[in-house]
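# Fold and contact review
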Amino acid sequence: MEYFEQHPAQDRVILISVNVQMLDDLDAEEFHLLATSAGAEVLEHLQVQRIRPDPKFFIGSGKAEEIAEQVEALDANLVIFDHSLTPAQARNLEKVVQCRVVDRTELILDIFAQRARTYEGKLQVELAQLQHMASRLIRSRGNLDSQKGGIGLRGPGETLLETDRRLLRLRMGQLKAKLDKVRQTRLQGRVARQKAAVPTISLVGYTNAGKSTLFNILAKSDVYAADQLFATLDPTLRRLDWDGIGTVVLADTVGFVRNLSHSLVESFKATLEETLEATLLLHVIDSSSPEILEQIEAVETVLKEIGADVPILRVYNKIDQSGEDAKIIYQRPNLPERVYISAHTGQGIELLHKAVHEALMGQIQQFELKLQPAHGKLRNQLYELNVIQSEHYDEQGQLHLSVRIAPQKLQQIIRQAHLSLEEILGEQAIQFQRPLEEFEIASKID
């Protein structure tokens, strides 16, 4: 069989969206954006209706012939399907249309390959590509049963296909070993943060929802952000000081997309593990998208697939485009469920700070503290948290502080200083005698 090599110039592409009644319909606009994000020149976008996939061509022989005519008329060199194709279907289609045929998974892999910048990202992309290629080697060999030959090498031996598969398995094993080392390094970092009681806030969301733009605002960073799919592939972590909470770690992760194959999710678990170990997830949502409900479902499906059981605060971004007001919606008093912001214009960022504080630490309350001269370390901690409203000394030399802080956080730092609540809070310590669960409820989101 003829094998079609990669074209060195920009691919001239025909897109095929197939609406199959027994499968989930896909977003044609998103598919077009995926193709342009990969650098393709889209010549035509064909819509095909089917009750069920054709086992030989996925779209049926008649439609395959029509696509072949379009390929010849438009001088296209690539056809992309917005569905996963079996190796046999792709091979049969290539015979008919006489050019390369790739599916949705291969398209996403190509974008990933372009976006990967770090050592870890490149490892994950290569592993995902090899896993996808393993079942498709037959497409790249014209003489599958040929064997190694030459003087001293004739006779029974490995076929070229068997050799390729063996080399693939060897390389995949090497990549998995290297990624395991990356996971171990990340695990050590997470253990250190947990020992130091440093909360991790992880940004998740549909691709192009504005995660990296929001990350740059919160972390005062310069992570690459653009109005394109999968602008961020590699995870980025930044340590920052959050008023009233203290030191936190903010993590930006790869964007999700609908119909992301299981193999891709598995390959990128090293990236997504930052999501699993987070203290709080900020689910960034494009509030201006007409597909908002489907995008939310796609993200939650992937989170469920990787086993992420973490409190979630929904952040509805791009209100400058949707026309909504900046606001916080509460699930119950002092327990925020969602917050509306615009990372582009800065609207609602202060509300986001407030919502994150309440989600992590609970309700902010006013407390009056009495500190002895020997309690200077506790005073310094409160100043670092930026929660002190005022202070003065009485005639006995005691320092009186007025602070606004979450009860759980105040209780934590007093106990870490090996001091009693009664000694520091006086009569206010009575309210801390209630079960601790009452103060922790705001950090748990159903």
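Residues numbered from 1 in each chain as written. Predicted model: local features only at pLDDT ≥ 70, side-chain atom pairs only at ≥ 80, totals over all residues. Heavy atoms only, no water.

Taken in spatial order, the 4 strands line up as E2-E1-E3-E4 in an open sheet, and their pairing is parallel. Bordering the open sheet on either side are strand E2 (41-50) and strand E4 (100-102), each of which pairs with just one other strand. The sheet shows a mean angle of 20° between the axes of neighbouring strands, direction not considered. One ladder, built from 3 bridges, connects strand E3 (residues 78-81) with E4; its direction is parallel. (Pairing = 2+ DSSP bridges. Helix = DSSP H or I, 4+ residues; strand = E, 2+ residues; numbered from the N terminus. Axes fitted to C-alpha atoms, helices over the stretch in contact; angles between N-to-C directions.)

We now examine the sheet that holds strand E8 (residues 280-286). Judged by pairing direction, the sheet is mixed, and its 7 strands sit side by side in the order E6-E7-E5-E8-E9-E11-E10 without closing on themselves. In this open sheet, the two strands that pair with only one neighbour each are strand E6 (236-242) and strand E10 (327-332). Within this sheet the neighbouring strands show an average axis-to-axis angle of 25°, counted without direction. Two strands pair when backbone bridges link them, and E6 and strand E7 (residues 246-252) are joined in this way by 7 bridges, in the antiparallel orientation. Looking across to E7, one finds that Leu237 is bridged to Ala251. Contacts from helix H7 (residues 211-219) reach strand E5 (200-205), E6, E7, E8 and strand E9 (312-317) within the one sheet, and its direction differs from that of E7 by about 160°. (Contact = heavy atoms within 4.5 Å.)

Attention shifts here to the side chain of Lys318. Looking at the secondary structure, you find Lys318 in the loop between E9 and helix H11 (319-322). Non-local contacts of Lys318, meaning those with residues more than four positions away in its chain, are made with Asn208, Ala209, Gly210, Asp286, Ser287, Ser288, Ile341 and Ser342.

This next bit is on the confidence of the model for the protein. On average, residues of the protein score 78 in pLDDT, and 76% of them reach the 70 mark or higher. Of all secondary-structure elements in the protein, the lowest mean pLDDT belongs to helix H16 (residues 437-440), at 40, while E9 reaches the highest, 94. In this model, residues 434-446 is a region of pLDDT below 50 whose contacts with residues beyond four sequence positions or in other chains number 30 contacts. (pLDDT = per-residue confidence, 0-100.)

To continue, consider the packing of aromatic side chains. Within this structure, the stated rule accounts for 1 aromatic pair. Pairing Tyr316 with Tyr340 gives two aromatic rings, centres 4.8 Å apart and planes at 20°, and the pair type is stacked. Taken as a pair, Tyr316 in strand E9 and Tyr340 in strand E11 (residues 335-340) lie far apart in primary sequence, 24 residues in all. For Tyr316, a relative accessible area of 8% corresponds to the buried category. When its relative accessible area of 6% is taken as the criterion, Tyr340 is described as buried. In this structure, Lys327 packs its charged tip against the face of Tyr340, placed 4.9 Å from the ring centre. (Phe/Tyr/Trp six-rings, centres within 6.5 Å; stacked < 30°, edge-to-face > 60°. Buried < 20%, exposed > 50% of the residue type's maximum accessible area, 1.4 Å probe, protein only. Lys NZ or Arg CZ within 6 Å of the ring centre and 35° of its normal.)

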